[in-house]
Amino acid sequence: GWRAATADDHLRRSYTERDFDDAAWHAVAVPGHWRSTPAFAESDGPLLYRRRFNAAPPAAGRRAWLTFDGLFYQGDVWLDGGYLGDTEGYFFPHTFEVTHPLRAGAEHALAVEVTCTPQHGSPAKRNITGVFQHWDCLDPQWNPGGIWRPVRLTETGPVRIAVLRVICAEASATRAVLALRAVLDSDGARRVRLRTEVGAVDHEAEQPLAAGANEVGWTVTIERPALWWPRAPGDAVLHDVRGA
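It should be emphasised that the depicted structure is a prediction, and the values quoted were computed from it without experimental measurement. (Residues numbered from 1 in each chain as written. Predicted model: local features only at pLDDT ≥ 70, side-chain atom pairs only at ≥ 80, totals over all residues. Heavy atoms only, no water.)

Novice: Can you walk me through the state of the cysteines in this structure?
Specialist: The final tally for this structure, using the stated rule, is zero disulfides. No disulfide involves Cys116; its sulfur sits 19 Å from that of Cys137, the nearest cysteine. The class of Cys116 is buried, set by a relative accessible area of 1%. The exposure class of Cys137 is exposed, given its relative accessible area of 55%. (Disulfide = S-S within 2.5 Å. Buried < 20%, exposed > 50% of the residue type's maximum accessible area, 1.4 Å probe, protein only.)

Novice: Teacher, can you tell me more about the pairing of strand β10 (residues 159–171) here?
Specialist: As a general feature of sheets, a regular strand has side chains that alternate between the two faces. With 11 bridges joining them, β10 and strand β11 (residues 175–186) adopt antiparallel strand pairing. For Ile161, the partnering residue across the bridge sits in β11 and is Leu184. The hairpin formed by β10 and β11 contains three residues between the paired strands. (Pairing = 2+ DSSP bridges. Helix = DSSP H or I, 4+ residues; strand = E, 2+ residues; numbered from the N terminus.)

Novice: What is the right way to read the sheet that holds β10 from this model?
Specialist: Each strand in a sheet pairs with another by means of backbone hydrogen bonds, the pair being arranged parallel or else antiparallel. A sheet is described by the order of its strands in space; here three strands give the open sequence β10-β11-β14, paired in antiparallel fashion. Looking at strand neighbours, the two that pair on one side only are β10 and β14 (212–223), the edges of this open sheet. Strand after strand, the sheet turns through a mean of 15° between neighbouring axes, direction not considered. (Axes fitted to C-alpha atoms, helices over the stretch in contact; angles between N-to-C directions.)

Novice: I'm lost on the packing of aromatic side chains in this one. Help?
Specialist: For any pair of aromatic rings, the description rests on two quantities: the centre-to-centre distance and the angle between the ring planes. A complete count under the given rule lists 12 aromatic pairs for this structure. Here Tyr90 and Trp148 contribute two aromatic rings whose centre-to-centre distance is 5.9 Å and whose plane-to-plane angle is 25°, an arrangement assigned as stacked. Placement of Tyr90 in the loop between β6 (82–88) and β7 (94–97) and of Trp148 in the loop between α3 (131–134) and β9 (151–156) is noted, with a sequence separation of 58 residues between them. In this structure, Tyr90 and Trp148 share a single accessibility class: buried. Seen in terms of ring centroids, Phe132 and Trp148 are 5.3 Å apart; in terms of plane orientation they differ by 75°. Their pairing is edge-to-face. With Phe132 in helix α3 and Trp148 in the loop between α3 and β9, the pair connects residues that are 16 residues apart, well separated along the chain. By way of ring pairs, the aromatic residues Phe72, Tyr90, Phe91, Phe132 and Trp148 are connected into one cluster. Cation over ring: Arg160 sits above Trp65, and NZ or CZ is 4.7 Å from the ring centre. (Phe/Tyr/Trp six-rings, centres within 6.5 Å; stacked < 30°, edge-to-face > 60°. Lys NZ or Arg CZ within 6 Å of the ring centre and 35° of its normal.)

Structure, rendered in structure tokens:
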């Protein structure tokens with residue numbers, strides 16, 4: 001499980017290392033807000049989190065990714081003593097590539113410093129935390145900080161679909177047009193085939209990619225679509241869109 005301690009400059013110098021001894025730290029729930037743990041019930045942080053885990057190395061041609069689905073509110077992330085990056089935004093997922101660290105061995109230590117600054121007085125507020133720090137129905141002294149949504153490891157091939165968005169740009173009885181936008185993360189320069197399935201429509205397109213993040217866009221046209229209607233005028237027809 002996860003363990004945590006209140007941050008100080010002494011711990012910051014060494015807590016990120018894989019062999020750091022955290023046996024005296026408090027167990028803490030993840031996902032969860034740190035104030036749900038009695039040891040931190042009145043803490044405003046920052047807190048240092050650690051988690052030991054074992055993971056098989058990715059196979060050749062595979063890439064590994066570490067995703068925080070929600071870290072409340074800011075964080076600095078380390079794996080085996082190496083800095084992965086920072087996060088901001090309590091609902092926003094943050095993903096880091098961990099292919100090379102996971103290939104270095106089977107035993108690992110994930111370390112995260114989590115900060116959620118108290119927000120007192122409307123003109124001084126800086127965190128965008130919705131009702132959690134901006135609602136008079138919650139105790140204004142309560143701090144929602146913590147790793148409050150799941151943390152997960154995933155694998156992909158050499159190209160990862162980092163972002164995918166589908167918008168219906170046009171819809172009539174004769175045709176519908178879907179506009180798709182994606183961010184594709186490639187481990188090198190290559191050409192790929194984008195495949196989109198919508199009902200009986202199977203659309204394909206060639207796309208060159210550079211190494212790193214690539215923003216791409218394309219459209220898919222559907223002839224005589226089954227349209228979605230509000231409940232009173234007609235049937236609420238829904239469609240699955242699959243991309244690869």
